[in-house]
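Here is how the chains run, residue by residue.
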Amino acid sequence: MTAPARDWAVRIAALALLLLVWQQVAQRLPAAILPTPVRVGAAARDLLTGGELALAWGQTVTQVAVAMALASVAGVGLGLLLGWYRPLDQLLSPLLGALFLTPRIALVPLIALWFGLQDLAKIVLILAFGFFEVFFTVRDGVRGMERSYLELARAYGVPTWRTLRTVVLPAARPYVLTGLRLGLLHALVGVVLAGFFLETSGIGGLIYNLGAALRTAELVAALLSVMVVGLAVNVGLRRLEARLTPWQVTR
Amino acid sequence: MTPSPRSLAGVALALAGWQLAGTFRPDFTSSPTLVATELVRLAREGDLLPLVAGTVATLLAGWTVAVTLGTLTGFLIGRYRLLAVAFEPYLVALYSVPLIAMVPLMVIWFGIGEGFLLATVVLATAITMVFPAATGTRESMRAYGELARAYQVSGHRLLLRVVLPGALPYVVAGLRISVQRALMAVVVGQFLVGHPGLGTLIGDARARLDADEVFAVALVALAVGALLTTLVGWAGRRLSAWRPEVST
């Protein structure tokens, strides 16, 4: 066997072992505490065919799309601006830093006061989770870019606007992609918490309701769906990064 | 690091703007003076300080367990290739999912008491330490492994005297991220089940929607987050002052 094939055999064996242990432990416990993998599989099928999972994710996906569109515009815009223009960075960074250090969950009351509990409030909460990863990655990327390019542009009298478009933007592109991936992963935390603490809908709301009803097998199945989405986002966007900006080593 | 005049100007400008906004719609934006009054009231009548102190104590207890578990796991997969091959993809998977979604399952398993909060912090936080510790272990073994073998250092002496000190800068870099996640986890847990602490302060503010209280509680959370991050950063620099800082 070749080395990668043997590695995969080891991995699959490890997974099988984990599932076996889970099955053995779960058989000795009440299903409300820990359902067996087989039961979770059946529950997943029920959630899928009953449409509950599709409904919840459908509500969530729209909110995430709007929030991430806003997060990328604001995060990339501010990141470019503050990374490039130091005085503005010094003016605004303490405030943004303070907001970043606040556990985002503490913004829930403020969001409820200003935006209610419905879709708009949830979009704002997801935005609060997604924005900072985009902003900080882009700002630090622009700040760390090769200064000699900028000096060269200035030496040749290239106008500010063109420098931004032809020098800064291309240099920032890999950071934009990385920032968007990290932001989207973070936004998933916001998605879940929005369902817990704002209106109980979407995938977070579904998880909350299943937990409250002690429907543990369905709960675990819903949690697994969150894991699959998180993993798909991470792996998919990493691939995209590698294809669009192959010269960049991804974080 | 001393703040630049511009940074101070930015903060002053924001505070002035906030105070001005408060004269028009205090029910919507509150104002710095109203929030200060509210903070004094919360401290006098609302048990603000004991609640925050209790939350921080729970957080630190859970965080200590999480850091120990995560670092140990990281050491194991960094040290033994077979374990890395078998489990690293699954650990990476756990790293890229919102583990905070597991809180309802934690309620089913641990109830709504102190044990539940500790379990939640450990679950949400331990994974952040695994990869820094694994990278640190690999780097440390790459640099000093041969030397250690030549001097026949092995077993727990290898771990304590060679691997851990060598991995320390990486572990320290992971600590800052992990303490922020731990704070989030404990607050979410308290908020969800109504266990008294910073989380219930946020829950009360969310229920009453009084602007002064909403802002006061957010400021308290900011202060706790900033304090923890600063302390961990300071302790980390003290611990690994003799080594270059790394970022992960």
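Bear in mind that the values here come from a model prediction, so they are computed numbers and not experimental data.

Quick notes on the overall build of chain A
A count of helices and strands for chain A gives ten helices and zero strands. Starting at the N terminus and ending at the C terminus, chain A contains elements arranged as α-α-α-α-α-α-α-α-α-α. Its C-alpha atoms give chain A a radius of gyration of 23 Å, more than 25% over the compact-globule value 18 Å for 251 residues. Counting only C-alpha atoms and orienting by the principal axes, one finds that chain A spans roughly 75 × 60 × 30 Å. Counting every position in chain A, which comprises 251 residues, the buried fraction comes to 45%. The long-range fraction of contacts in chain A, counting pairs at least 24 apart against all pairs at least 6 apart in sequence, stands at 73%. Carbon and sulfur atoms provide 68% of the accessible area of chain A, an area that totals close to 12400 Å². Between the mean site of the 21 positive side-chain charges and the mean site of the 12 negative ones, chain A shows a separation of 6 Å.

Points about the environment of Lys-122 of chain A
Residue and element names in this part refer to chain A. Looking at where Lys-122 falls in the secondary structure, it is placed in helix H6 (residues 119-143). A relative accessible area of 1% places Lys-122 in the buried class. Sequence separation between Lys-122 and Val-192 is 70 residues, and the spatial gap between their C-alpha atoms is 10.0 Å. Residues contacting Lys-122, with those up to four places away along its chain left out, are Gln-63, Leu-117, Ala-194, Gly-195, Leu-198, Glu-199, Ser-201 and Gly-202.

Brief notes about the side chain of Glu-218 of chain A
Residue and element names in this part refer to chain A. Assignment of secondary structure puts Glu-218 in helix H10 (residues 216-244). Classification of Glu-218 by relative accessible area gives buried; the value is 18%. Among all residues touching Glu-218, those that are not within four sequence positions of it are Ala-43, Leu-47 and Leu-210.

Looking at the UniProt feature "transmembrane region" (unreviewed entry) in chain B
Residue and element names in this part refer to chain B. In the numbering used here, UniProt assigns the feature "transmembrane region" (unreviewed entry) to residues 52-78, 90-110, 116-137, 158-177 and 214-235. Overall, residues 116-137 shows 100% helix and 0% strand. The separation of its end C-alpha atoms is 32 Å. As annotated, residues 214-235 has a helix share of 100% and a strand share of 0%, and its two end C-alpha atoms lie 32 Å apart.

Focus on the UniProt feature "domain: ABC transmembrane type-1" (unreviewed entry) in chain B
UniProt records the feature "domain: ABC transmembrane type-1" (unreviewed entry) for residues 52-232 of chain B in the present numbering. Across residues 52-232 of chain B, the secondary structure splits into 88% helix and 0% strand, with the terminal C-alpha atoms separated by 18 Å.

Considering the interface of chain A and chain B
Taken residue by residue, the interface counts 51 residues in chain A and 51 residues in chain B. Its largest share of buried area at the contact with chain B, chain A owes to Leu-101, Leu-113 and Phe-197 of chain A, together 14% of the area lost on that side. Across the chain A-chain B interface, the total number found is one salt bridge. Arg-81 of chain B serves as the salt-bridge partner of Asp-7 of chain A, at 3.5 Å between the closest nitrogen and oxygen. At the junction of chain A and chain B, the tally comes to eight residue pairs in polar contact (both at pLDDT 80 or more). Only helix H1 (3-27), helix H4 (86-101), helix H5 (108-115), helix H8 (160-197), helix H9 (202-212) and H10 of chain A provide two or more residues apiece to the side of chain A that touches chain B. Ranked by the residues each element gives to the side of chain A that touches chain B, the list is headed by H10 of chain A, at nine residues. By residue class, the composition of the side of chain A that touches chain B is 42 nonpolar, six polar and three charged.

Calculation rules
Residues numbered from 1 in each chain as written. Chains lettered and ligands numbered in written order. Predicted model: local features only at pLDDT ≥ 70, side-chain atom pairs only at ≥ 80, totals over all residues. Heavy atoms only, no water. Helix = DSSP H or I, 4+ residues; strand = E, 2+ residues; numbered from the N terminus. Rg over C-alpha atoms; globule rule 2.2 N^0.38 Å. Buried < 20%, exposed > 50% of the residue type's maximum accessible area, 1.4 Å probe, protein only. Contact = heavy atoms within 4.5 Å. Areas by Shrake-Rupley, 256 points an atom, 1.4 Å probe, with all protein chains shown as cover. Lys, Arg positive; Asp, Glu negative; His and termini not counted. Charge placed at Lys NZ, Arg CZ, Asp CG, Glu CD. UniProt positions renumbered as here; feature names shortened; annotations may be inferred. Buried area = accessible area lost by both parts, 1.4 Å probe. Salt bridge = Lys/Arg side-chain N within 4 Å of Asp/Glu carboxyl O. Polar contact = N/O pair within 3.5 Å; in protein donor to acceptor, adjacent residues only side chain to side chain. Nonpolar A, V, L, I, M, F, W, Y, C, P; charged D, E, K, R; others polar.

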